[in-house]
Amino acid sequence: MLSYSIFLYDLLDGQRNIDWLPNLILVAAQTMMMLGVFRFLGRPLPRSLLPATLLAQAAVEYFRSQGAPQALVDAAYCAIVVVLAIVVLNILRRYQTVGEVRSIRLFIYCSLLVYGVVHVLRLAIGVMGIAPQIFPPDSIPMLSFFTGLPFLVISLVAFTAMSLHRTLAQSRDYEIAARANLHRFEQLMRISSAAMLLLRKGRIEDSNPKLGELFGCRREALHGLAFEALFLPGAEPVDPPGTPQHCVAVRADQSTFQAEVVMLELDEQQCLAEIRDVSRQKTLETQLRELAHADPLTGALNRRAFAARFEAFRQSFRPSCVALLDLDHFKRINDHFGHDVGDEVLITFTRLCQAHARTGDVFARMGGEEFLFLLPGCELAAAQGFLERLVQEMASLRFRGLPKGTTVSFSAGLADCPPGAELNAVLKQADLALYRAKANGRARVEL
Ligand SMILES: Nc1nc2c(ncn2[C@@H]2O[C@H](COP(=O)(O)OP(=O)(O)OP(=O)(O)O)[C@@H](O)[C@H]2O)c(=O)[nH]1
């Protein structure tokens, strides 16, 4: 900047004492070279370089204004140029290259070396005034202009070639890395147990092979389709929430399956979706839930499930009855015929009760040979009639493992269950009634 200002000042002032044209071209070329070198090497310009150069030039200009000989000024400029060339050569020397770039670097190296030597010569001639008849003072700046500058230009061109080469090599590396990434991505998509989809504006643009497997068709047939079309209307995923959503997906043959869908927004138009068939998992969950509420021997509800149903029923405020049923002399069956036969009796009794229960009735095994009935909306008299019919049915029932003609009976205690009643209080009532039934001869129903 300082140099340009001085040249401009000298030009406007009509002075010719620094041969502004060669120096202007020289400084411009060197600036370009310095910037080019550091940019090419991908390094920041050393912080000290610019102030040091400016300071040196300011000092030279100061001495020139104080009447220093022009040859000395020229020589000082040459010294600056040589120092800059040495800095560049040093940087280049440390720069690691391979293949063709190494030969280009050698080329730049040689050109800059010649360029530096020319300026050392110019410096020596300017200071010492060697052979004034061959190098008159006026011709000294032209020495670097005609002999040094071409080498500087050559090195600049070589730098450009080196930059191009580096850019090409970089793009090749990027391409290889991009191919490797793509391959890895495709492998991941291939082994994924879920269907992976790329959506653009809500339509399927790309997918992995699993999509075809899940939906029972060629995956390409689904490309271009609206994403919602994969699901039952009303059971499709909502806009990307980022958390798993449970939907009902429709296969090509119109059969359905439970799907877990996770969506991820890539940008305003694109979105990734993952679809997983969770039907098996859902079935297992249902089975587990049922097992937690069922008695393992008879399959009837267990006491916990009965309590839960009773609690739900209590909210509805419908009058009803609860019955406690107990097999008579069940211990004898176990003792005479074994526990397996006893188990069979428990199972058969359960089937009988379930077969006679109305929709809405709740039947459960309380434990051992005790069972429970919740009869919603049933008056005591009607409940009693129902249970007595069951007692009669039981008398004519045949049990596997028991000798022909052997009958099994049960006794029942019935309790009224007004709206809002507590289960324990109702059970206590039913238990008292059951005790009376046992005491009064068994195979009967007591209130
Ligand atoms: N096989 C079988 N027996 C069971 C099971 N749970 C409880 N028991 C048996 O049921 C019998 C219950 O006997 P008790 O409580 O004396 O009653 P009971 O013999 O029916 O006599 P009453 O109730 O007075 O008529 C015991 O022998 C228990 O071992 C079961 O899951 N399977």
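Residues numbered from 1 in each chain as written. Predicted model: local features only at pLDDT ≥ 70, side-chain atom pairs only at ≥ 80, totals over all residues. Heavy atoms only, no water.

(A) Region of the structure containing the environment of Ala76. Within the secondary structure, Ala76 is located in helix α4 (residues 70–94). When its relative accessible area of 23% is taken as the criterion, Ala76 is described as partly exposed. Spatially, the C-alpha atom of Ala76 lies 9.3 Å from that of Gly126, the residues being 50 residues apart in sequence. (Helix = DSSP H or I, 4+ residues; strand = E, 2+ residues; numbered from the N terminus. Buried < 20%, exposed > 50% of the residue type's maximum accessible area, 1.4 Å probe, protein only.)

(B) Structural context of the side chain of Ser320. With respect to the helices and strands, the residue Ser320 is situated in strand β6 (residues 320–327). Setting aside anything within four residues of it in sequence, one finds Ser320 in contact with Phe313, Leu374, Leu375, Pro376, Gly377, Cys378, Ala415, Asp416 and Cys417. (Contact = heavy atoms within 4.5 Å.)

(C) Structural view of the nonpolar core. Grouped together as the largest cluster of nonpolar side chains are 31 residues, with contacts concentrated most on Leu325, Leu327, Phe349, Phe373, Leu387 and Phe410. Where this core is concerned, the elements lending two or more residues are β6, α11 (330–337), α12 (339–356), β8 (370–376), α13 (380–395) and β9 (410–417). Discounting residues that sit within four places of it in the chain, Phe410 has contacts with Leu325, Asp326, Leu327, Asp328, Phe349, Leu387, Leu390, Val391, Met394, Ala443 and Arg444. (Core = buried A, V, L, I, M, F, W, Y, C linked by side-chain atoms within 4.5 Å.)

(D) Representation of the sheet that holds β9. Spatial ordering of the open sheet is given by β7-β8-β6-β9-β10, a layout of 5 strands whose pairing is mixed. Of all the strands in the sheet, the pair left with one neighbour each is β7 (362–367) and β10 (445–446). Of the strand pairs in this sheet, β6 and β8 are connected by 7 bridges, and their pairing is antiparallel. Paired with Ala323 across the strands is Phe373, a residue of β8. Strands in contact with α13 are β6, β8, β9 and β10; relative to β9, the strand with the most contacts, it is inclined by about 165°. (Pairing = 2+ DSSP bridges. Axes fitted to C-alpha atoms, helices over the stretch in contact; angles between N-to-C directions.)

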